[in-house]
Amino acid sequence: MDILMPTVLIGVLSLIFGVMLAWFSQKFAVEVNPLVQKAEEVLPGANCGACGFPGCSNLAEKIVAGEAPPDACPAGGPKVWAELSALVGKEVDSHREAQKAVLLCQGAREVAGEVAVYQGLKDCKAAHLLGNSFKSCRYGCLGFGNCVRVCPFEAMIMDEEKGLPIIIEDKCTGCGKCVEECPRSIITLLPAREQVVEACVSLASPRETRQSCKKGCIKCSICVKSCPEGAITLEGGRIKIDRDKCNLCGVCIEKCPTKCLIWVGNELVLEEKELEAKVGG
Amino acid sequence: MRLNTFPGGIHSPTFKEFTATKPIKEFPFPSRVVLPLLQHTGAPLSPLVKKGDRVKRGQKIADVEAFISAPLHSPLAGKVAGIEDYFHPLLGRFPALTIENDGSGEEERKDPLCDIENKDPAFLREWIREGGMVGLGGAAFPTHVKVSPPPGKKIDTFILNGAECEPYLTCDYRVMIERSSAILIGLRVLVKACGAERVFIGIEENKIEAIEKFDKLVKDLPFPARVVPLLTKYPQGSEKQLIVAILGREVPPGGLPLDVGVVVNNVQTAWAVGRMAEEGLPLIERVITLSGECLKSPENLQVPLGTVLSDLVDFCGGWVETPKKVIMGGPMMGVAQTSLQVPVVKGTSGFVFLSNLYEKKEYPCIRCRRCIDACPMRLFPTMLGKFSEYQAFDEARDQRVLDCMECGACSYVCPSNISLTHLIRLAKAEVMRRSRKGGNQ
């Protein structure tokens, strides 16, 4: 009989609370714009902050309220932009392409050596603070993987053996977090399609580059002269490729004496790289 | 006797016995010197000469319009061999003038400065700037800026900094003993330029000889001056700590010694100024210490600016054993070097060659608060380190991370071997970058 009293008491209490909860949930219901909910579902949901707003739900509100354009999410890509523009009934620039991060350095351990023992923090920004670079190239990748750590989409892996990060192009959304993080500005965003890329940002003299890196740009201008379309120029000590003129003939890649021009977005190369990363990691 | 000092700090071994008793030797003119176009804190210089030009010793070869800058003079008579990127001890690489010695020894000297006490302070400041004077303690802040009080501020005290708290370094000590008359002339110029009424000379009590010498000499000065013996403690030679130790005044956060009416200058700066007043030679030479267990004969050397380190090592007889680590400056605040081709710049107080990398495994913080006790700026290094590690840069800013002067005392005492100073440096750089960018980001 001892069990009867508590059972009845708890039963009655829970009945009262249940009724109250049901009533409160109707009385104090927060009205959510269904459009905002839909917009939030469309957005990637990584809360990466690349749009400049605090998180995806805030961006969804802003897009529905008309305070942000439907293509404000750089990580979303054309598909998300199209869906959002259909949702809020606003046009977006249909020519805008999705972007991908590209690493502009091939200075792996065996390519650009280390001239000193580094004993500081294992952090690119901290290593970059020291005036003297422990890597032979003072423009190249330091290899502590800040970019890998900040990537909200797990699109980067560190190749520990080479000391260079690898960007998995399928996963990269072009949010630009890694571009912002890199203290040496060797990651850039490019339209996500097959491209020829100048994989060296060094501004050092040709002699210094020769001494410090096997795959560094030595400003020989052979690519500039050999390009049949005239798409390559040497501006301010760096190779610049005009992507509207480039027809991907690949002559420059063949001619480059230090192999600092590379393909990106090429399916075959990509698969090979990922395989390598999996084996290496 | 109770000695003046500041709260915090560390008592590290001084290692000064390597060179403390060695008289200053004059380094012979090298066959070439390399002069980076940025040797001071401030704006980079533009060259006034071009490739192929002949220059005299003491001739001005680079200058810039900016107020916070100091011109550069040629330490050699010779030919300009080129202007290109070269190793820089602090910046990695920087455009530099190379001058090849032609052996002619032609000189361009200024007129000696006499009747110092009746000169106009503004004239003296311009005269100091034209001599390319910068603080020779290590930070290389232009001296003429230091002795120019902003309008409305009065300088009442001048402190001559002879503390030299960095382990290994003895160049200031030797200069105090061997070049004391020039120091006093320089002191008179600097005091007149900033308008101070009294002078304190702060010297750590392990430099007895220098204290005794200056005790006698200061009586002849035309203004009240006193030698203050200080406790041997690192970082006693830091400007703000020295002011606390001698005057008990605290420089407000983010402020300068000028804010409390004080100007602090290094003894070697005073020597360089005095030398220009006497001999008419601008800042083209300085005294540095080459020390460490790897050198065959550690020395105090008076070297022309721009002398390449490998030449200096040869002069000292080479290695006993190949060093694992080469540091420009003292081991606490110095900068590790990656090449022996680096030139001596105005801020070089010496080179230390260590035979050990001192690699230590890092452990988690055990909250022993030794770093807090050691911090001379009374910050919380352990907290700042954590903020930096977790990218909480706004909190780091609110906890006054920018007041840190990177003396390294916290890293030195940490029983868990945490690189606190490096973490704090990272946080400082990030806080400054964000404040430059603007907004509350």
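Residues numbered from 1 in each chain as written. Chains lettered and ligands numbered in written order. Predicted model: local features only at pLDDT ≥ 70, side-chain atom pairs only at ≥ 80, totals over all residues. Heavy atoms only, no water.

Trainee: When you look at the environment of A:Cys217 in this model, what are you seeing that I'm missing?
Mentor: Residue and element names in this part refer to chain A. Structurally, the position occupied by cysteine 217 is in the loop between α8 (206-212) and α9 (222-226). Between the C-alpha atoms of cysteine 217 and valine 201, which are 16 residues apart in sequence, the distance is 7.9 Å. Contacts of cysteine 217, omitting those with residues within four sequence positions, involve Cys200, Thr209, Ile239, Thr258 and Cys260. (Helix = DSSP H or I, 4+ residues; strand = E, 2+ residues; numbered from the N terminus. Contact = heavy atoms within 4.5 Å.)

Trainee: Help me out: how do you make sense of the domain arrangement of chain A in this one?
Mentor: Frequently, the measure chosen for interface size is the accessible area that the parts lose on association. Residues and elements named next belong to chain A. Looking at chain A, the domain boundaries give domain 1 (34-88) and domain 2 (99-278). Placing a centre on the C-alpha atoms of domain 1 and another on those of domain 2 gives a separation of 31 Å. Facing the six residues of domain 1 at the interface are six residues of domain 2. Here domain 1 and domain 2 share an interface that buries about 470 Å² over both sides, 66% of which is from carbon and sulfur atoms. Contact with domain 2 buries surface across domain 1, with Ala46, Cys48 and Ala75 losing the most and accounting together for 68% of the total. For the interface between domain 1 and domain 2, the tally reads zero salt bridges. In terms of residue class, the side of domain 1 that touches domain 2 is built from six nonpolar, no polar and no charged. (Domains from an automatic or database assignment. Buried area = accessible area lost by both parts, 1.4 Å probe. Salt bridge = Lys/Arg side-chain N within 4 Å of Asp/Glu carboxyl O. Nonpolar A, V, L, I, M, F, W, Y, C, P; charged D, E, K, R; others polar.)

Trainee: Would you mind going over the pairing of strand β1 (residues 99-103) of chain A with me for this structure?
Mentor: Residues in a regular strand point their side chains to alternate faces of the sheet. All names here are of chain A. Among the five residues in β1, four count as buried, and that is most of the element. In this sheet, strand β4 (residues 187-191) lies alongside β1 in antiparallel orientation, the contact comprising five bridges. Residue pairing for β4: glutamine 99 is matched across the bridge by proline 191. (Buried < 20%, exposed > 50% of the residue type's maximum accessible area, 1.4 Å probe, protein only. Pairing = 2+ DSSP bridges.)

Trainee: Hey, could you run me through the nonpolar core in this one?
Mentor: For soluble globular proteins, nonpolar side chains are generally found buried alongside one another. In this structure, B:Phe158, B:Ile183, B:Leu187, B:Val189 and B:Ile201 are the most contacted members of the largest nonpolar core, which totals 53 residues. In terms of residue count, the dominant contributor to this core is helix α4 (residues 180-194) of chain B (ten residues). Contacts of B:Val189, omitting those with residues within four sequence positions, involve B:Leu113, B:Ile116, B:Leu124, B:Trp127, B:Ile128, B:Val273 and B:Ala277. Membership of the second largest hydrophobic core comes to 46 residues, among which are A:Ile63, A:Val102, A:Cys178 and A:Ile186. (Core = buried A, V, L, I, M, F, W, Y, C linked by side-chain atoms within 4.5 Å.)

Trainee: Quick question: what am I supposed to make of the state of the cysteines here?
Mentor: A covalent bond bridging the sulfur atoms of two cysteines is what the word disulfide describes. One pass over the full model with this rule turns up zero disulfides over all chains. There is no disulfide at A:Cys256, and the cysteine sulfur nearest it, in A:Cys260, is 3.9 Å away. Take B:Cys371: it sits in no disulfide, and the sulfur closest to it among the cysteines is that of B:Cys368, at 6.4 Å. (Disulfide = S-S within 2.5 Å.)

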